[in-house]
Amino acid sequence: MAIKSFVQRVVSQPEFGPFVLLVVEIAAFSLRSPAFLSAGNISNLLAFTPELGMITLGMTLLMTAGEFDLSVGSVFGFAPIVMWTLYNTHVASLEVGFVIALLFAVIVGLANGWFVTYLKIPSFLVTLGMLLVVRGTALYVTDGFPQRTWTADSPLMNIVVGEFAIGGLYIYASLLWFILFAIILGYVLTESKAGNWIQAAGGNPEAARARGVRVTYTKVALFILTAVLSAYAGITSSIRVSAANPNSGTGYELEVIAMVVIGGTALSGGRGTIIGTVVGILILRTMRNGIVLIGVPGLAYNIFVGGIILAMMALHSWLERRHHAGT
Amino acid sequence: MPEELVRMDRINKFFGRVQALNDVTLSVNRNEIVGLLGDNGAGKSTLIKILSGALRAESGEIYVRGNQVKIRNTTDAMALGIETIYQDSALISQLSIARNLFLGREPLRAPRFLDRLDHDTMNEVARKLLKQVGIKKEIPPTTPISALSGGERQAVAIARAMHFESELIILDEPTNNLGVEETQGVLRFVRGARDSGHSCILIAHNIYHVFQVVDRIIVLRRGKTVADDIDPKQTTIEAVESIITGMPIS
Ligand SMILES: Nc1ncnc2c1ncn2[C@@H]1O[C@H](COP(=O)(O)OP(=O)(O)OP(=O)(O)O)[C@@H](O)[C@H]1O
Ligand SMILES: [Mg+2]
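Read on for an overview of the structure. (Residues numbered from 1 in each chain as written. Chains lettered and ligands numbered in written order. Predicted model: local features only at pLDDT ≥ 70, side-chain atom pairs only at ≥ 80, totals over all residues. Heavy atoms only, no water.)

1. Notes on the overall build of chain B
So, point 1. Secondary structure assignment for chain B yields eight helices and 10 strands.
So, point 2. In terms of overall size, chain B behaves like a compact globule, its C-alpha atoms giving a radius of gyration of 19 Å where 250 residues would be expected to give roughly 18 Å.
So, point 3. If you line up chain B on its principal axes, its C-alpha atoms span 60 × 40 × 40 Å.
So, point 4. Counting all 250 residues of chain B, 52% fall into the buried class. (Helix = DSSP H or I, 4+ residues; strand = E, 2+ residues; numbered from the N terminus. Rg over C-alpha atoms; globule rule 2.2 N^0.38 Å. Buried < 20%, exposed > 50% of the residue type's maximum accessible area, 1.4 Å probe, protein only.)

Take a look at the structure:
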């Protein structure tokens, strides 16, 4: 009886379905392709994942608060342009450029938040506009050309994305940062007062406001957090691949939102899970990596992503309905 | 002479060109249960929203314990010990019972890293409160509100008002959509509130319910106070109905 109810509780967690999917996926790929679990492939998998993952962590909290941000990919592309352009033109040192790039992200987040909360424009429209403005600016200031990055040598670069080896695995420092951010934000969401406010703001903003929750402040802060994480991820990426391309990050917004909802966070707000999000990130990254290894053309990737989204949404809605029927 | 807890004085409120409240005065004494009656659109909700900080009046004064106060938002009202319970909207259905109870006034514990919640206290107090408001079923405090019945939700809202020692509890149509049993539970709570040292304003369309529990009835009609000292023991339901509608008893 106790065991049964324990199992039932585990199974009804929103993270359970995605977790099973991830296990199945890893099992299937490693059976089909021995190269899948090789150190080289895992290193490969863990190189880019933290970068997309950082954006996804911010997006999880933002979506739990009932908003989302389509401008993350543009900020991902533009922030490194700001940093490297300032550096290459000798306007600022790399460190100062780094800080200015993050400040720029704060302004983007503040603007998104202000339009959404004060002017009460849906975040879809606001951040769609911001996506175009920021991307357009990146293309305009660079004439569409990548910025040079290989002339720099700063300890900052090692702190952000320095490479080191554990056994046969090559790991970037960005993975450690991602794990740290995930732990802190997971803690914030479930264990802190801020997390209570985030869920309340997304669940029923009017009722939350009536209890003295600062809904506007909470949402604006999360828009800023998401933008800053996107900028930081973009800078990380530019250092790792030694290129600051004004087009980079294009289309990330949808992949990030897909990862968040696959993990079990509600698109409508009020419920969110960082653990689920981490699983969601791994599901899509593993999928992209694995289908190429087992010989499916990479171009087919989106079919799988779409299928997974639909399947997971069906699962979450079924769990939700069963949950309500049971009471 | 009973001690006056809250007094709203000559309150005026417009929505565009519609005057929802016209020089309305309302007072509530300590340990007093006041029924606020009136037809649809009479201005009852508007009046208590001004008192609970959800709306602001164009003119008029509010006194609490004899001191003039400014109530700019719901936080101000709660700080003055005024708590409002609506039928829906007041709870967040995705959050657990315990999280709802303490929303906006979360207890924290050490180490306070990033304002860490004190889940143990929250759950323990929630469990105790649920018993107090008469939920006999064993409902874990971590249950989301969406899994509760209408009456249980109402009980949670009431529990919240009780726990934070509000001196004045306002209930705007608290028995809407409730079953017989649950309605009786709410009315029992209102009666009990007086004994535990609270005052109440009860808004309800069912005059029978109001008659059962209140000490005094105030009637609004089209934004004006038309009666403010009806003793339910000295009058009939028909007489009050005629005051509400403004039509003589047929
Ligand atoms: N937000 C608003 N905007 C415009 N007019 C409003 C608004 N809120 C209330 N009113 C108007 O003010 C008047 C009083 O409304 P109120 O909600 O206070 O009535 P009520 O006495 O609570 O009625 P009911 O018993 O139906 O709840 C009505 O004429 C209503 O149409
Ligand atoms: Mg009303």
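2. Digging into the environment of B:Leu91
So, point 1. The topology assignment puts B:Leu91 in the loop between strand S6 (82–85) and helix H3 (97–101).
So, point 2. Residues B:Leu91 and B:Ser196 lie 105 residues apart in sequence; the distance between their C-alpha atoms is 24 Å.
So, point 3. Residues in contact with B:Leu91, not counting those within four places in the same chain, are A:Asn204, A:Ala207, B:Asn100, B:Ile145, B:Arg153, B:Val156, B:Ala157 and B:Arg160. (Contact = heavy atoms within 4.5 Å.)

3. Regarding the side chain of A:Thr56
All names here are of chain A.
So, point 1. By the secondary structure assignment, Thr56 is in helix H3 (residues 39–64).
So, point 2. Take Thr56: its relative accessible area is 0%, and that puts it in the buried class.
So, point 3. Excluding anything up to four places from it in sequence, Thr56 contacts Val256, Met259, Val260, Thr277 and Ile281.

4. With respect to the pairing of strand S2 (residues 18–29) of chain B
All names here are of chain B.
So, point 1. By the bridge criterion, eight bridges tie strand S1 (residues 4–15) to S2 in an arrangement that is antiparallel. Counted as the bridge partner of Glu4 is Asn29 from S2.
So, point 2. Between S1 and S2, which pair antiparallel in sequence order, lie two residues; one of them, Gly16, sits at a positive phi of approximately 65°. (Pairing = 2+ DSSP bridges.)

5. Quick look at a nonpolar patch on the surface
So, point 1. Taken together, the side chains of A:Ile3, A:Phe6, A:Val7, A:Val10 and A:Val11 make up a nonpolar region of the molecular surface, amounting to roughly 440 Å² of accessible area.
So, point 2. Note that A:Ile3 resides in helix H1 (residues 2–12). (Patch = residues over 30% accessible without salt bridge, like charges linked within 9 Å, V, L, I, M, F, W, Y side chains within 5 Å. Areas by Shrake-Rupley, 256 points an atom, 1.4 Å probe, with all protein chains shown as cover. Salt bridge = Lys/Arg side-chain N within 4 Å of Asp/Glu carboxyl O.)

6. Considerations on the sheet that holds S6(B)
Residue and element names in this part refer to chain B.
So, point 1. Judged by pairing direction, the sheet is mixed, and its six strands sit side by side in the order S6-S7-S8-S3-S9-S10 without closing on themselves. Edge positions in the sheet fall to S6 and strand S10 (224–230), since each has one partner strand and no second. Mean inter-strand twist for the sheet, computed between neighbouring axes without regard to direction, equals 15°.
So, point 2. The sheet contact formed by strand S7 (residues 168–172) and strand S8 (residues 199–203) spans five bridges and is parallel. Counterpart to Ile169 in the pairing with S8 is Cys200.
So, point 3. The sheet contacts of helix H5 (residues 150–163) involve S6 and S7, and relative to S6 the element is tilted by about 180°. (Axes fitted to C-alpha atoms, helices over the stretch in contact; angles between N-to-C directions.)

7. Focus on unusual backbone geometry
So, point 1. Note that the residue after B:Ala110, namely B:Pro111, is joined by a cis bond; omega there is -10°.
So, point 2. Inspection of the secondary structure assignment puts B:Pro111 in the loop between H3 and helix H4 (119–132).
So, point 3. Even without glycine at this site, A:His90 takes up a positive phi of about 60°.
So, point 4. Its relative accessible area of 72% is what places A:His90 among the exposed residues.
So, point 5. A positive phi angle, close to 60°, is found at B:Asn31, a residue other than glycine.

8. Digging into the site of ligand 1
All names here are of chain B.
So, point 1. Taken together, the residues surrounding ligand 1 are Phe15, Ala20, Asp39, Asn40, Gly41, Ala42, Gly43, Lys44, Ser45, Thr46, Glu173 and His205.
So, point 2. Contacts to ligand 1 include Thr46, whose side-chain N or O atom sits 2.4 Å from an oxygen atom.
So, point 3. At 2.7 Å from an oxygen atom of ligand 1 is found a side-chain nitrogen or oxygen belonging to His205.
So, point 4. Against a free-state accessible area of 630 Å², the protein chains account for coverage of 58% of ligand 1. (Near = heavy atom within 4 Å. Polar contact = N/O pair within 3.5 Å; in protein donor to acceptor, adjacent residues only side chain to side chain.)

9. Thoughts on the pattern of salt bridges
All names here are of chain B.
So, point 1. Taken as a whole and assessed by the stated rule, the structure comprises 20 salt bridges over all chains.
So, point 2. For the salt bridge of Lys13 with Glu58, the shortest nitrogen-to-oxygen distance reads 3.9 Å. Here Lys13, found in strand S1, pairs with Glu58, found in the loop between helix H1 (44–51) and strand S4 (59–64); they are 45 residues apart in sequence, far enough to count as distant.
So, point 3. Since its relative accessible area comes to 9%, Lys13 is described here as buried.
So, point 4. For Lys137, the salt bridge goes to Glu152, with nearest N and O atoms at 3.3 Å. With Lys137 in the loop between H4 and H5 and Glu152 in helix H5, this residue pair connects regions lying 15 residues apart in the sequence.
So, point 5. In the salt-bridge network here, residues are joined through shared partners; they are Glu3, Arg30, Arg65 and Glu167.

10. Observations concerning the sheet that holds S1(B)
Residues and elements named next belong to chain B.
So, point 1. Overall, antiparallel pairing links the four strands, which are arranged S2-S1-S4-S5 in an open sheet. Lying at the two open borders of the sheet, with one neighbouring strand each, are S2 and strand S5 (67–69). Neighbour to neighbour, the strand axes of the sheet diverge by 25° on average, direction disregarded.
So, point 2. As judged from the three bridges shared by S4 and S5, these two strands associate in the antiparallel manner. By the bridge assignment for S5, Val64 is matched with Asn67.
So, point 3. Sitting on the sheet, H1 touches S1, S2 and S4, and the angle it makes with S1 is about 120°.

11. Some points on the packing of H3(A) against helix H12 (residues 252–262) of chain A
All names here are of chain A.
So, point 1. Axis separation between H3 and H12 bottoms out at 9 Å; the angle between their running directions is 65°. Relative to H12, the element H3 lies roughly perpendicular. Our pair here, H3 against H12, has a crossing hand that is right-handed. Within the contact between the two elements, H3 uses Phe48, Leu52, Ile55, Thr56, Met59, Thr60 and Met63 and H12 uses Tyr252, Glu255, Val256, Ile257, Met259, Val260 and Val261.
So, point 2. Classifying every residue of the contact of H3 with H12 gives 11 nonpolar, two polar and one charged. (Parallel < 35°, antiparallel > 145°, perpendicular 65-115°, else oblique. Left-handed = near helix turned anticlockwise from the far one by under 90°. Nonpolar A, V, L, I, M, F, W, Y, C, P; charged D, E, K, R; others polar.)

12. As for the interface of chain A and chain B
So, point 1. Between chain A and chain B, the contact holds 27 residues from the first and 27 residues from the second.
So, point 2. For the pair chain A and chain B, the summed buried surface comes to about 2200 Å²; carbon and sulfur atoms form 53% of the total.
So, point 3. Among the ionic pairs, A:Arg211 bridges to B:Glu83, the shortest N-O distance being 2.6 Å.
So, point 4. Elements supplying a minimum of two residues to the side of chain A that touches chain B: helix H8 (173–191), helix H9 (193–203), helix H10 (205–210) and helix H14 (301–325) of chain A.
So, point 5. Along the lines of polarity and charge, the residues of the side of chain A that touches chain B split into 10 nonpolar, 12 polar and five charged. (Buried area = accessible area lost by both parts, 1.4 Å probe.)

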